[in-house]
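Structural overview for review
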2 protein chains.
Amino acid sequence: MEKQTITIYDVAREAKVSMATVSRVVNGNSNVKQETKEKVEAVINDLGYRPNAVARGLASRKTTTIGVILPDVTDHYFAELARGIDDVAQMYHYQIILANSDESKDKELQVLDNLLGKQVDGIIFMGNMINEKVRTEFDRADVPIVLAGSVDPTEKQYSVNIDYRKATAEATAQLLENGNERVALIMGPAEQAINSEYKLKGYQDAYNAHSKPVDEALIFSTDYDYQSGYQIADLVLAAKATAAVVVDDDVAAGLLNALVDSGVKVPTDFEIITNNNSRLTVMTRPQLSSITQPIYDLGAVSMRMLTKLMNLEEPDVSNIILPHGYVDRDTTQH
Amino acid sequence: MEKQTITIYDVAREAKVSMATVSRVVNGNSNVKQETKEKVEAVINDLGYRPNAVARGLASRKTTTIGVILPDVTDHYFAELARGIDDVAQMYHYQIILANSDESKDKELQVLDNLLGKQVDGIIFMGNMINEKVRTEFDRADVPIVLAGSVDPTEKQYSVNIDYRKATAEATAQLLENGNERVALIMGPAEQAINSEYKLKGYQDAYNAHSKPVDEALIFSTDYDYQSGYQIADLVLAAKATAAVVVDDDVAAGLLNALVDSGVKVPTDFEIITNNNSRLTVMTRPQLSSITQPIYDLGAVSMRMLTKLMNLEEPDVSNIILPHGYVDRDTTQH
DNA sequence: GTGAAAGCGCTAACAC
DNA sequence: GTGTTAGCGCTTTCAC
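Residues numbered from 1 in each chain as written. Chains lettered and ligands numbered in written order. Predicted model: local features only at pLDDT ≥ 70, side-chain atom pairs only at ≥ 80, totals over all residues. Heavy atoms only, no water.

1. Topic: the packing of helix 6 (residues 105-117) of chain B against helix 7 (residues 132-140) of chain B
All names here are of chain B. Our working definition: Note on geometry: axes are lines fitted to C-alpha atoms, helical ones only across the stretch in contact, with angles between N-to-C directions running from 0 to 180 degrees. Counting from the N terminus, the helices are the DSSP runs of H or I reaching at least four residues and the strands are the DSSP runs of E reaching at least two. Between 65 and 115 degrees an angle is taken as roughly perpendicular, under 35 as roughly parallel, over 145 as roughly antiparallel, and anywhere else as oblique. The contact definition used throughout considers only heavy atoms, calling two residues in contact when any of these lie within 4.5 Å. Basically, the charged four are Asp, Glu, Lys and Arg, the nonpolar ten are Ala, Val, Leu, Ile, Met, Phe, Trp, Tyr, Cys and Pro, and anything else, Gly included, counts as polar.
Put simply, helix 6 and helix 7 touch, their axes get as near as 10 Å, and they point 10 degrees apart. As far as their axial angle goes, helix 7 and helix 6 are roughly parallel. Taken together, the residues of helix 7 that come into contact with helix 6 (itself represented by Lys 105, Glu 108, Leu 109 and Leu 112) are Lys 133, Val 134, Glu 137 and Phe 138. Looking at the contact of helix 6 with helix 7 residue by residue, the classes come out as four nonpolar, no polar and four charged.

The structure is reproduced here in structure tokens:
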């Protein structure tokens, strides 16, 4: 607990070279004679020297640390994104400072301020809405920022997403084509752009393509959890829907169980397509058909994009769209 | 993107005071006249000054950053722990550097080295086994370390856990008392102390208390995932078990579904008690009876403990045990 | 190929 | 109550 900190200076003295040379060795700088290099490395080993990243950060103005802001690590979608980010970060020798925001503006601003104060080299932001204050802070930040699995309708930020609108349209279309006259959309809070500007529009696209009017009574907003899904089942049934596109697996599981618990036959009497293809989808009975998203990759690609930006390279595309898919299970008719 | 960094020196000049005074204001030091304080604060606002935490860290030898090492954020158990840690950390104005280790010794050592290099003020470690090398690094570290939801049989590290042995014994006893002659234990890898030294022993305790010999054929080890649970069902049935204590909810869900899918009646023909009471337990049909653990609190309490240690306070107890519970659902007979 | 020296932006004595 | 002055441990010109 009270180890004597051993510094680059100690190494220099022991190895009978200058601090500069030790620094070169530590940083893999080529301009060092092999012999000197080995001597220095030996001393480093002997002394158990470990470079102080804080001092290095101050001197070089690079911390090899990036900030990751997400609503909640406990949410599997974001945890998966975070994992993709961390793996790529480790690969490029960056560490991540993780901060939960609960989608609260205050926390987001707070955390952003902390992160910037800590001189992170970049930030990956996740969250379903980006308000003006946050956007202002983004602009003031002197480090690159990438949105992962999070949309900014203005497209002013770098981002990595899938085509939510198209994915939702496809799922809706499929249900419509299966003969359902009334397909419901069960989305998250309408204040979130990802719902109002993308998923809802995709749903409408499908109706339009089928020359059917959209019935507002078929559009529901819930929180992203199992109970919300369970509780909304009655309303969905009351709206005379015979199928639903659901934007969250927990919600879909809740809806499904409520339906099954009350005797509705799935998929014969009611069809469901959910959104994230999380492991939940194979645990329910019947198993949930789902849109598939490369969630891990969304994280990995955004981190890769950030490394480029931190390196002052301009990426080819500012708003990357990764492909999505669909997997047919037992909550849809074949 | 190319903001001019504005430093404490700029503020001092503008406010016509010394750097020391600005520092005092920023750090809430009391020894500053109200008038001076206000003047400085005004300038800070005008200039949009934001203290550089890296410089501060170098000068003060405190980074207000802690390291959090866990096997995988994607695992709900650890995500929940991490959330508890982050909430308390934020409360005490610490940020967390999060690192996934995949329980790999190499990664753990690597990450530990990075973290120590970054001069974190403390570390919270999660992982089901602690080998000698890691323990050696722990000893060499000059910052406090707390294990959260992770056991070290030597009890040499600070830690926060529940009484896994007792919890497992209780669950096993209940199943035995329900009339099951052959209760299986489905645990994780036996190399992990939490399984071999705690949960297995608890299972044995229950058999001993009932004066029954333990049949090795009833003890299974699996990975912590749904598929493993699904696949082991046949073996469990072949071993003529009529009940099982399972240490992971995903595994339990897999076992349950496999059983139900193959026509076994739960709980009449087979009873199950699982371990973490995650949201999965209410999603399966029938719903899973479970031991309950205060997972979030495990994280929160370990972070609280760490703040004390970083503050050089000696905690009352080095190995905190939080209470566990049990919730009766539909995979057990009443 | 190597060294000397000036910072990086801040805190923490210590003086006044 | 406020200012002066060393550092903190490293990187980075700039010489040689």
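2. Some remarks on the protein's contact with DNA strand D
Put simply, the rule is: Here a residue is considered near a molecule or strand provided that any single heavy atom belonging to it is located within 4 Å of it. Side-chain atoms alone can form a polar contact between residues adjacent in sequence; in general such a contact is a pair of N or O atoms within 3.5 Å, and within protein one must be able to donate a hydrogen while the other accepts it.
Lining the immediate surroundings of DNA strand D are 27 residues, of which Ile 8, Ser 23 and Tyr 49 of chain A together with Arg 24 and Thr 36 of chain B lie closest. The sugar-phosphate share of atoms of DNA strand D within 4 Å of the protein amounts to 62%. Side-chain polar atom of Thr 5 of chain A to a phosphate oxygen of DNA strand D: 3.3 Å apart, as the coordinates give it. Mapped onto the surface near DNA strand D, the elements with two or more residues apiece are helix 2 (19-26) and helix 4 (53-60) of chain A together with helix 2 (19-26) and helix 4 (53-60) of chain B. A breakdown of the residues in the surface near DNA strand D according to their chemical character gives twelve nonpolar, ten polar and five charged.

3. Points about the relation of the copies chain A and chain B
Basically, it comes down to this: Residues reaching a pLDDT of at least 70 in both copies supply the C-alpha atoms on which the copies are superposed by least squares.
When chain A is fitted to chain B, the residual RMSD is 0.1 Å, and the transformation amounts to a turn of 180 degrees plus an axial shift of 0.0 Å. Taken together, these values place the two copies in the relation of a two-fold axis. Among all residues of chain A, the minimum C-alpha distance to the rotation axis is found for Ile 97 of chain A, at 2.1 Å. Comparing interface residues between copies, 100% of those in chain A also sit at the interface in chain B, which points to an isologous, same-surface contact.

4. With respect to the protein's contact with DNA strand C
Of all residues adjacent to DNA strand C, which total 28 residues, the nearest are Arg 24 and Thr 36 of chain A together with Ile 8, Ser 23 and Tyr 49 of chain B. Of everything in DNA strand C that lies within 4 Å of the protein, sugar and phosphate atoms constitute 64%. Take Thr 5 of chain B: an N or O atom from its side chain is 3.3 Å from a phosphate oxygen of DNA strand C. One of the backbone nitrogen or oxygen atoms of Asn 52 of chain B is found 3.1 Å away from a phosphate oxygen of DNA strand C. Mapped by element, the contributors of at least two residues to the surface near DNA strand C are helix 2 and helix 4 of chain A together with helix 2 and helix 4 of chain B. Here the surface near DNA strand C is composed, by residue class, of twelve nonpolar, ten polar and six charged.

5. Some remarks on the pattern of salt bridges
Test applied: One side-chain nitrogen of Lys or Arg within 4 Å of one carboxyl oxygen of Asp or Glu is enough to make a salt bridge. Only protein chains enter the accessibility calculation, which uses a 1.4 Å probe. A residue is then buried if its area is under 20% of the maximum for its type, exposed if over 50%, and partly exposed in between.
The full count for this structure, using the stated rule, is 38 salt bridges over all chains. One salt bridge in this structure joins Asp 102 of chain B and Arg 83 of chain A, with 2.2 Å as the shortest N-O distance. On the criterion of chain membership, the pair formed by Asp 102 of chain B in the loop between strand 2 (95-100) and helix 6 and Arg 83 of chain A in helix 5 (residues 76-91) is interchain, its members lying in two chains. Since its relative accessible area comes to 37%, Asp 102 of chain B is described here as partly exposed. A residue is classified by how much of its surface remains accessible, and Arg 83 of chain A, at 6% relative accessible area, is buried. The residue Arg 135 of chain A makes a salt bridge to Asp 152 of chain A at a minimum N-O spacing of 2.6 Å. You can see Arg 135 of chain A sitting in helix 7 (residues 132-140) and its partner Asp 152 of chain A sitting in the loop between strand 4 (145-148) and strand 5 (158-162), a full 17 residues away along the chain. Each member of the pair Arg 135 of chain A and Asp 152 of chain A is classed as buried. Linked through salt bridges whose partners overlap, the residues forming this network are Asp 72, Asp 102 and Lys 107 of chain A together with Arg 83 and Asp 87 of chain B.

6. Considerations on the side chain of Thr 332 of chain A
Residues and elements named next belong to chain A. Along the chain, Thr 332 turns up in the segment after strand 12 (325-327). According to the relative accessible area criterion, Thr 332 is buried, its value standing at 1%. At a separation of 2.7 Å, a polar atom in the side chain of Thr 332 contacts the side chain of Ser 289. Within the structure, the side chain of Thr 332 is placed 3.5 Å from the side chain of Tyr 326, a separation counted as a polar contact. The residues touching Thr 332, leaving out its near neighbours within four places in the chain, are Gln 174, Leu 175, Pro 267, Glu 271, Ile 272, Ile 273, Ser 289 and Tyr 326.

7. Regarding unusual backbone geometry
Cis geometry is found at the peptide bond from Arg 285 of chain A to Pro 286 of chain A, where omega equals -5 degrees. Inspection of the secondary structure puts Pro 286 of chain A in the loop between helix 12 (280-283) and strand 10 (289-292). With an omega dihedral of 10 degrees, the bond running from Val 266 of chain B to Pro 267 of chain B counts as a cis peptide bond. By secondary structure assignment, the location of Pro 267 of chain B is in the loop between helix 11 (249-261) and strand 9 (271-274). Of note in the backbone geometry, Lys 16 of chain A takes a positive phi value of approximately 55 degrees without being a glycine. If you trace the backbone, Lys 16 of chain A turns up in the loop between helix 1 (8-15) and helix 2. One non-glycine residue with positive phi stands out, namely His 93 of chain B, at about 60 degrees. Within the secondary structure, His 93 of chain B is located in the loop between helix 5 (76-91) and strand 2.

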